[in-house]
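Take a look at the letters that make up each chain.
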Amino acid sequence: MKKILSSLLLLLLFVKVGMAQAQYQPYSYQFYQKLNEDVYSTKTRLHSSLKSYIIDSVLQHRYDSLMNYGTDDNHHSWAHRKLFNEHLFDVKTKEYTFFADYLPDLTIGRDVSGKRSTWLNTRGYQLGGTIGKNFYFYTNGFENQAVFPEYLTTYINQVGVVPGQAYDRTFGRKLTKDWSDVTGIISYTPNKYLNVTAGQDKTFIGDGYRSELLSDFASSYPFLKLTGTLGNVQYMVMYAYMVAPADRPSQFSIGPRNKWAVFHYLDWNVSNRVSLGFFDAIVWPKIDPGTGNYRGFDFSYANPVIFLRPVDASNGSPGNAVIGFTGKYKVSNGLTAYGQFVLDEFEAKSFFSNDGSFRNKYSYQFGVKGANLFKVKSLNYLVEYNSATPYTYSEQNNNINNYAEQEEPLAHPFGANFRELVGLLNYSYKRFDFSGEFDYGYYGLDVNGLNYGKDPFQLYNNPASQYGNHIGQGLTTKMTYVEGKVAYMLNPKYNLRIEIGGLHRMENNAQFTDKTNMITIGVRSSFRTLYTDLASYQTH
């Protein structure tokens, strides 16, 4: 068997086939939804759920049309080309390509309800390129200072992390938040069957806006990822090194609290319309918190075969296992239905009796999305429902093993013990982009020193109740979030745009009511996502 596997690997690595230059596109929902018409066409069998994409021949035409919008044969000045059409530095030869850009993100705003002026001052860069047709590299970095509306300031002070970015260097002591964030990857695609990527970044699994499996919400992390594609089957294995929660401000020396994780995902395109996916993950501590023994990377998990729970059990491992399933059905060219189910822990006796046992931890998602709504070109939409039972993604004996990275969930940003309904609408016309979002959240916060199951960093070995648990228990909280943006695209190469936005957020329960009405305007760039549609982390 080992000889067969070795032969297959050598074949994938060294058999060359004709192919275009590999092109990596950083993931952000707002850009990727512009690809919906091709990705979710009933005429294609693209593997749509594993992101970021290496742009292939099927998507190349639409991708190029987006990236080269406004390019014409007229002779323009250097300043005009750099502002509207080109990278700041752009070199193309037969042997290699290289580009580099300066990425400003400068906004001002007013939180009318909180009577606070907000602003964001980001200086960033991106650079990337190819060597030959098979090797790609990319990196971006951002140095940031900002004053956020009150609800985000509270979140950052409680969590210690700017959502999805990095640790707040002020440790909650100042109103102005200060952080930096760098990502980078090197990608090798020897042939159409295999891609090997290593670096520090995020991976998103799913067809929706959120993911219950693995999302782009938490901070980036070092990883090695191998993705194989053979016809209708795509298989990914990723080894990652992550950071567990720590007592701040000493988090810069938290080596003993780091952890390893292995992720497997298999995507099977059954037909042009139907896709099924299978997922598992194991998270384990670098140093065993019970014995203090160094464990490091466990090579029994190096086996790239999916569903590792039996291996975990045979090792007597303190690792945390998660398994999941995905599904997608293209009803028509303009309508795709999708869903996910995650099982964190399962106790058959209580699961089927429906007695609300704290041992039954699972989450699920279902939604619909599509392109060209009402036959209007580039009017794309999504409606999605997400839910997670109390205590999902948390651990029993230590919070190092929980399903999280740097104080934030690896899956849905709400954690657990929640229901969410979210709707998104996007429309592009020439250089204008219009976007709107509605989000309704229903969840229960921990209260009176009891663990009601929302916070995945709380151990679930002492739950508020062993039975009778239900979504919304604890301090029952409701959140309504509405946001609209209008952007004028200056340069599509690095998403440089002038953007105006308005936001309304209302969160209320028996203890507090938070209300935010905010307007913003600014010059923005890059393809990163700064999430603001968040639930409270704790009571306040």
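In this text the structure is predicted, and so the values were computed from the model without any measurement. (Residues numbered from 1 in each chain as written. Predicted model: local features only at pLDDT ≥ 70, side-chain atom pairs only at ≥ 80, totals over all residues. Heavy atoms only, no water.)

**Comments concerning unusual backbone geometry**
Stage number 1. At the junction of lysine 51 and serine 52, the peptide bond is cis and its omega measures out at 20° in the coordinates.
Stage number 2. In this structure, serine 52 sits in the loop between strand E2 (50–51) and strand E3 (53–55).
Stage number 3. Despite not being glycine, lysine 115 shows a phi value in the positive range, around 50°.
Stage number 4. Its location among the elements puts lysine 115 in the loop between strand E5 (96–111) and strand E6 (116–131).
Stage number 5. Not every positive phi belongs to a glycine, and glutamine 406 is a case in point at roughly 50°.
Stage number 6. Looking at the secondary structure, you find glutamine 406 in the loop between strand E19 (404–405) and strand E20 (408–409).
Stage number 7. The exposure class assigned to glutamine 406 is buried, which follows from its relative accessible area of 14%. (Helix = DSSP H or I, 4+ residues; strand = E, 2+ residues; numbered from the N terminus. Buried < 20%, exposed > 50% of the residue type's maximum accessible area, 1.4 Å probe, protein only.)

**Digging into the environment of glycine 474**
Stage number 1. One can find glycine 474 in the loop between strand E22 (432–445) and strand E23 (475–491).
Stage number 2. Judged by its relative accessible area of 30%, glycine 474 falls in the partly exposed class.
Stage number 3. Between the C-alpha atoms of glycine 474 and alanine 371, which are 103 residues apart in sequence, the distance is 40 Å.
Stage number 4. Setting aside its immediate chain neighbours within four residues, glycine 474 contacts Leu445, Val447 and Tyr452. (Contact = heavy atoms within 4.5 Å.)

**Examining the pairing of strand E15 (residues 320–332)**
Stage number 1. In this structure, strand E14 (residues 274–285) lies alongside E15, joined through ten bridges in antiparallel fashion. Bridge assignment links glycine 277 to a residue of E15, and that residue is threonine 326.
Stage number 2. Bridge count for E15 against strand E16 (residues 335–345) is nine bridges, and the pairing is antiparallel. Its bridge partner being in E16, glycine 324 is matched across the sheet by valine 342.
Stage number 3. As consecutive antiparallel partners, E15 and E16 are separated by two residues. (Pairing = 2+ DSSP bridges.)

**Quick notes on helix H4 (residues 57–67)**
Stage number 1. By the burial criterion, the buried members of H4 are Leu59, Arg62, Tyr63 and Met67. Buried positions in H4, seen along its axis, are confined to an arc of 135° and lie on one side of it. More than 90 degrees from the buried face of H4, the exposed residues found are Ser57 and His61.
Stage number 2. The secondary structure elements touched by the buried residues of H4 are strand E1 (23–25), helix H2 (29–32), helix H3 (36–39) and E3. (Arc of directions from axis to C-beta.)

**Points about the pairing of strand E11 (residues 221–230)**
Stage number 1. Sheet topology places strand E9 (residues 194–201) next to E11; eight bridges connect them, and they run antiparallel. Following the sheet pairing, aspartate 201 is matched in E11 by tyrosine 221.
Stage number 2. Note that E11 and strand E12 (residues 233–243) share eight bridges and pair antiparallel. For glycine 228, the partnering residue across the bridge sits in E12 and is tyrosine 235.
Stage number 3. Hairpin connection from E11 to E12: two residues lie between these consecutive antiparallel strands, with glycine 231 at a positive phi of about 65°.

**Examining a nonpolar patch on the surface**
Stage number 1. Judged by side-chain polarity, Tyr429, Phe432, Phe434, Val486, Tyr488, Ile498 and Val523 come together as a nonpolar surface patch covering roughly 560 Å² of accessible area.
Stage number 2. Along the chain, valine 523 falls in strand E25 (residues 513–524). (Patch = residues over 30% accessible without salt bridge, like charges linked within 9 Å, V, L, I, M, F, W, Y side chains within 5 Å. Areas by Shrake-Rupley, 256 points an atom, 1.4 Å probe, with all protein chains shown as cover. Salt bridge = Lys/Arg side-chain N within 4 Å of Asp/Glu carboxyl O.)

**A look at the packing of aromatic side chains**
Stage number 1. Tallied over the full model, the rule gives 31 aromatic pairs.
Stage number 2. An angle of 80° between the planes, with centres 5.4 Å apart, marks the rings of tyrosine 29 and tyrosine 209 as edge-to-face. Residue tyrosine 29 is found in helix H2, and its partner tyrosine 209 is found in the loop between strand E10 (204–205) and E11; the two are separated by 180 residues along the sequence.
Stage number 3. Overall, the relative accessible area of 7% leaves tyrosine 209 in the buried class.
Stage number 4. Between tyrosine 239 and phenylalanine 297, the aromatic rings sit 5.9 Å apart at their centres with planes inclined by 75°, giving edge-to-face as the arrangement. Residue tyrosine 239 is found in strand E12, and its partner phenylalanine 297 is found in the loop between E14 and helix H7 (309–314); the two are separated by 58 residues along the sequence. With respect to class, tyrosine 239 is no different from phenylalanine 297; both count as buried.
Stage number 5. Taken together, the aromatic side chains of Tyr27, Phe31, Tyr32, Tyr53, Tyr63, Phe204 and Phe527 make up a single cluster linked through ring pairs. (Phe/Tyr/Trp six-rings, centres within 6.5 Å; stacked < 30°, edge-to-face > 60°.)

**Comments concerning the confidence of the model for the protein chain**
Stage number 1. With 91% of its residues at a pLDDT of 70 or more, the protein chain shows a mean pLDDT of 89.
Stage number 2. Note that pLDDT drops below 50 for residues 1–20; the model gives that stretch 23 contacts with residues more than four away or on any other chain.
Stage number 3. A low-confidence stretch, residues 247–254 stays under pLDDT 50, and its non-local contacts, those more than four residues away or across chains, total 14 contacts. (pLDDT = per-residue confidence, 0-100.)

**Describing the environment of alanine 218**
Stage number 1. Relative to the helices and strands, alanine 218 is located in the loop between E10 and E11.
Stage number 2. Separated by 187 residues in the primary sequence, alanine 218 and glutamate 405 place their C-alpha atoms 6.0 Å from one another.
Stage number 3. Residues contacting alanine 218, with those up to four places away along its chain left out, are Gly164, Lys202, Glu405, Glu408, Pro409 and Leu410.

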